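# Observations on chain architecture
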Amino acid sequence: MKLAIDENRCKGCNLCTKVCPYKIFKEGKKLNRKGVPIPELDRPERCANCRLRNLYGRQLCGVCQLTCPDQAIHWIDEEPYEPHKVAIEY
Amino acid sequence: MSFEDWYRQDRLPHIFCAGCGNGTVINCTLAAVEQMGWKQEETIFVSGIGCSSRASGYILADSLHTTHGRALAFATGVKMANKGLHVVVFTGDGDLAAIGGNHFIHACRRNIDLTVVCMNNQIYGMTGGQGSPTTPLGCLSSTTPYGCAEPPFDLCELAAAAGANYVSRWTSYHVKELEKAVKAGLETPGFSFIEALVQCPTAFGRRNKFKQVADHVEHLRSHSLLKAKRDRMIENGEQIPAGMFVVGELTRRNRPAMGVKP
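Please read all numbers here as calculations on a predicted model, not as lab measurements.

About the cut-offs
- Residues numbered from 1 in each chain as written.
- Chains lettered and ligands numbered in written order.
- Predicted model: local features only at pLDDT ≥ 70, side-chain atom pairs only at ≥ 80, totals over all residues.
- Helix = DSSP H or I, 4+ residues; strand = E, 2+ residues; numbered from the N terminus.
- Rg over C-alpha atoms; globule rule 2.2 N^0.38 Å.
- Buried ≥ 20, exposed ≤ 12 C-beta atoms within 10 Å, placed from the backbone.
- Contact = placed C-beta atoms within 7 Å.
- Expected span 1.5 Å × (residues − 1).
- Axes fitted to C-alpha atoms, helices over the stretch in contact; angles between N-to-C directions.
- Parallel < 35°, antiparallel > 145°, perpendicular 65-115°, else oblique.
- Left-handed = near helix turned anticlockwise from the far one by under 90°.
- Nonpolar A, V, L, I, M, F, W, Y, C, P; charged D, E, K, R; others polar.
- Arc of directions from axis to C-beta.
- pLDDT = per-residue confidence, 0-100.
- Core = buried A, V, L, I, M, F, W, Y, C linked by C-beta atoms within 7 Å.

## What to know about the overall build of chain A
In terms of helices and strands, chain A carries three helices and four strands. Beginning at the N terminus, the succession of helices and strands in chain A can be written as β-α-β-β-α-α-β. Here the C-alpha atoms of chain A give a radius of gyration of 13 Å, agreeing with the 12 Å that 2.2 N^0.38 yields for 90 residues. Seen through its principal axes, chain A has C-alpha atoms that stretch 35 × 25 × 25 Å. Across the 90 residues in chain A, those meeting the buried criterion constitute 31%. Long-range pairs, those at least 24 residues apart, make up 61% of the contacts in chain A with a sequence separation of at least 6.

Spelled out as structure tokens, the structure:
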């Protein structure tokens, strides 16, 4: 699983930058089609739901998705054999 | 299947302002409805007029967008006509407490099997920020430019006094707790009332020193007082600081309910 932000729905309230326990969302500079700066992802492979969703078979954390008032955050499945980084936690 | 499947994807993005808490409350409610495993054909969302009441239009289920303040009256009719339907009412503070106050009290008294989610943004957001019955003391709005001088309504105490079976209050900061509270409300036979305090950056925040969305959410977080802590403070004879509001499950009881499918 990987995190995805729907650029068309995001209104740039930056609430996701406050709620994520890993601080994955950062205030971004890139503007979307409506001229709203959308947040950036900072090393999204650390996200607990991305790493462990398929292992546990249920939703983990998911606070960003629940909090996002514009339903812009969701998880998508990776393509088969898509290379992805592995997060190492200390 | 996740709660996203309950949204009408073609209607999104919705019209709420950037940072409005209503979207969060809809997410939490739909996540709870999703956990109940109800079919979309057997669930009805009813709403009145106001920002919060736009919610039913974005949900992929039967919905009623009714007249101002009369959401509960329409919901009562739906429930009486077909007891097999699950009825969820979205409403705002102006809708529920001001013009629909009478319907609210009597729906609580009759204890109809409804779940009411009240998104309380403490102001009339859609019409330009007029003071509502829940505007806190001293807060500025376009009709109270020198600070609100009237004491606000406590909707949860009102619902509990009028006889609702389940009453709880959370804020849009407490998403997981709100989701659990809505789920408990959906499971409870009889009237269940969940008040969700939400941030309103456009109408409330900009007049009351919460220009940034995060400031208002932080205010909601820091001024919420858990019910257990409140009870402990009263036991110890401590003074509850002004401006704090109680959050948590406030009432749960088992009065005879109306409209429960036998």
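Following the structure, the description resumes.
## Comments concerning the overall build of chain B
A count of helical and extended segments in chain B gives eight helices and eight strands. Scaling as 2.2 N^0.38, a compact globule of 262 residues should have a C-alpha radius of gyration of about 18 Å, and chain B matches this with 17 Å. The dimensions of chain B, computed from C-alpha atoms along their principal axes, are 50 × 45 × 35 Å. For chain B, the proportion of its 262 residues judged to be buried stands at 48%. Pairs at least 24 residues apart make up 66% of the contacts formed inside chain B by residues separated by at least 6 positions.

## A few points about helix H6 (residues 175-187) of chain B
Taking 1.5 Å per residue as the helical rise, H6(B) with its 13 residues ought to reach 18 Å, and the 18 Å between its terminal C-alpha atoms agrees with that figure. Residues of H6(B) that are buried make contact with helix H3 (63-67) of chain A together with helix H1 (22-36), strand S4 (115-120), strand S5 (166-171), strand S6 (192-197) and strand S8 (245-252) of chain B.

## Regarding the packing of H1(B) against H6(B)
All names here are of chain B. The geometry of H1 relative to H6 is characterised by a closest axis approach of 8 Å and an angle of 50 degrees between their N-to-C directions. In terms of their interaxial angle, H1 and H6 are classed as oblique. Crossing handedness for the pair H1 and H6: right-handed. Across from Thr24, Val25, Cys28, Thr29, Ala31, Ala32, Val33, Gln35 and Met36 in H1, the residues of H6 making contact are Val175, Leu178, Glu179, Val182, Lys183 and Leu186. Partitioned by chemical class, the residues of the contact of H1 with H6 number ten nonpolar, three polar and two charged.

## Considering the packing of helix H2 (residues 71-81) of chain B against helix H4 (residues 101-110) of chain B
Two packed helices can be described by the angle between their axes and the distance between those axes. Residues and elements named next belong to chain B. It is at 8 Å that the axes of H2 and H4 come closest, and there the two elements cross at 40 degrees. Only His103, Phe104 and Ala107 of H4 make contact with H2, whose side of the interface consists of Leu72, Ala73 and Thr76. In terms of residue class, the contact of H2 with H4 is made up of four nonpolar, two polar and no charged.

## A look at the interface of chain A and chain B
The interface is formed by 14 residues belonging to chain A together with 20 residues belonging to chain B. Along the lines of polarity and charge, the residues of the side of chain A that touches chain B split into five nonpolar, five polar and four charged.

## Thoughts on helix H7 (residues 213-222) of chain B
Counting along an α-helix, one turn takes 3.6 residues, and residues three or four places apart therefore face a common direction. All names here are of chain B. Within H7, burial applies to Val213, His216, Val217 and Leu220. Around the axis of H7, the buried residues are gathered within 100 degrees of arc, so they sit on the same side. Along its buried surface, H7 packs onto S5, S6 and strand S7 (224-226).

## Focus: unusual backbone geometry
The bulk of non-glycine residues show a negative phi, and the bulk of peptide bonds are trans. Residue and element names in this part refer to chain B. Cis peptide bonds are those with omega within 30 degrees of zero, and the linkage from Leu12 to Pro13 qualifies with 0 degrees. Backbone geometry places Gln122, a non-glycine residue, at a positive phi of 65 degrees. Within the secondary structure layout, Gln122 lies in the loop between S4 and helix H5 (155-162).

## Re the confidence of the model for chain A
For chain A, mean pLDDT is 89; residues scoring 70 or higher make up 97% of the total. For chain A, the element scoring lowest by mean pLDDT is helix H2 (residues 48-56) of chain A, at 88; strand S2 (residues 25-26) of chain A scores highest, at 94.

## Considerations on the environment of B:His86
All names here are of chain B. Examined against the element boundaries, His86 turns out to sit in strand S3 (residues 86-92). Between the C-alpha atoms of His86 and Gly37, which are 49 residues apart in sequence, the distance is 11 Å. With residues up to four places along the chain from it excluded, the contact list for His86 reads Trp38, Glu42, Thr43 and Ile44.

## Overview of the nonpolar core
All names here are of chain B. Ranked by size, the top nonpolar core spans 83 residues in total, and within it Val89, Val117, Phe193 and Ala196 carry the most contacts. Here this core gets seven residues from one element, more than from any other, and that element is H1. Residues within four places of Phe193 in sequence aside, it is in contact with Val116, Cys118, Ala159, Ala164, Tyr166 and Val167.

## Points about the environment of B:His65
Residues and elements named next belong to chain B. Within the fold, His65 resides in strand S2 (residues 62-65). Its 17 C-beta neighbours within 10 Å are what place His65 among the partly exposed residues. Leaving out residues up to four positions away in the same chain, His65 has contacts with Ser47, Ser53, Ser56 and Gly57.

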